[in-house]
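Each chain, letter by letter, is given below.
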Amino acid sequence: MTKVLLDNFLNECVSRNSGEDGLSFEELYGLYISWCGLTASEPVRARAFRASLRAAGIAPGHRGELCEDLVMIGPAACDYIVHSVLPLAALDARLGGWPRLKTWPAERRKLPVAGRAPGEDRDSAPAA
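Computed from a predicted structure; not experimentally measured.

What counts as what
- Residues numbered from 1 in each chain as written.
- Predicted model: local features only at pLDDT ≥ 70, side-chain atom pairs only at ≥ 80, totals over all residues.
- Heavy atoms only, no water.
- Helix = DSSP H or I, 4+ residues; strand = E, 2+ residues; numbered from the N terminus.
- Buried < 20%, exposed > 50% of the residue type's maximum accessible area, 1.4 Å probe, protein only.
- Contact = heavy atoms within 4.5 Å.
- Phe/Tyr/Trp six-rings, centres within 6.5 Å; stacked < 30°, edge-to-face > 60°.
- Lys NZ or Arg CZ within 6 Å of the ring centre and 35° of its normal.
- Core = buried A, V, L, I, M, F, W, Y, C linked by side-chain atoms within 4.5 Å.
- Arc of directions from axis to C-beta.
- Salt bridge = Lys/Arg side-chain N within 4 Å of Asp/Glu carboxyl O.

Caption draft 1: The overall build of the protein chain, seen in detail. Per the secondary structure count, the protein chain includes 4 helices and 6 strands. Reading the secondary structure of the protein chain in the N-to-C direction produces α-β-β-α-α-β-β-α-β-β. Burial analysis of the protein chain (128 residues in total) assigns 23% to the buried set. Taking the contacts inside the protein chain whose residues are at least 6 apart along the sequence as the reference set, 58% of them involve residues at least 24 apart.

Here it is in structure tokens:
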């Protein structure tokens, strides 16, 4: 990872705030992946990202330990939070169509409506 890309990422996405709990390496890497998606940058692997952070003076811990006093900022932070907290918000954008939730089935089943005979269309008027 080049120093310029790392500096851009840190300047746009991370801020030091004394007294804050901090960010884990997993959160930093997830934030970095979101930033790469927003800036159309090719992400590096986690190991290279960790080495770049260490070279920049940020020592991410292992297994959930926090880099103290770091907070997320900017559009990439919003993107990361939305996609990590709300997995149903992952959209399947199709060419020429509206985005849909990936979890929706391709076709919706027609459910029976009380007062209608089985097989009767839901959109038709009820029988008299």
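Caption draft 2: Inspection of the packing of aromatic side chains at higher detail. With the rule as written, the count across this model stands at 9 aromatic pairs. Over the ring of Phe 25 we find Arg 50; its NZ or CZ atom is 3.9 Å from the centre of that ring.

Caption draft 3: Region of the structure containing the environment of Gly 64. For Gly 64, the location among the structural elements is in the loop between helix 3 (46–55) and strand 3 (66–67). You can call Gly 64 partly exposed: its relative accessible area is 39%.

Caption draft 4: Here's a closer look at the nonpolar core. One finds Phe 9, Val 14, Leu 28, Leu 31, Phe 49 and Leu 53 to be the most contacted residues of the largest nonpolar core, which totals 21 residues. Contributing elements (two or more residues each) for this core: helix 1 (3–13), helix 2 (25–39), helix 3 and helix 4 (74–85). By residue number, the principal contributor to this core is helix 2, which donates 7 residues. Beyond its immediate sequence surroundings of up to four residues, Leu 53 is in contact with Leu 6, Leu 10, Phe 25, Leu 28, Ile 58 and Pro 60.

Caption draft 5: Structural view of helix 3. Among all positions in helix 3, only Phe 49, Arg 50, Ser 52 and Leu 53 are buried. Taken end-on, helix 3 shows its buried residues confined to a sector of 160 degrees, consistent with a single buried face. In helix 3, those exposed residues whose orientation departs by more than 90 degrees from the buried face are Arg 47 and Ala 55. Of the residues one or two after helix 3, Gly 57 is the one with positive phi, at around 90 degrees.

Caption draft 6: Broad picture of the side chain of Ser 34. Structurally, Ser 34 can be placed in helix 2. Residue classification places Ser 34 among the buried positions, given a relative accessible area of 9%. Leaving out residues up to four positions away in the same chain, Ser 34 has contacts with Ala 76, Asp 79 and Tyr 80.

Caption draft 7: Local environment of the pattern of salt bridges. This structure, assessed with the given rule, holds 1 salt bridge. For Lys 3, the salt bridge identified is with Asp 7, shortest N-O distance 3.1 Å. Residue Lys 3 and its partner Asp 7 are located together in helix 1, separated by 4 residues, close to a single helical turn. Residue classification places Asp 7 among the partly exposed residues on the basis of a relative accessible area of 28%.

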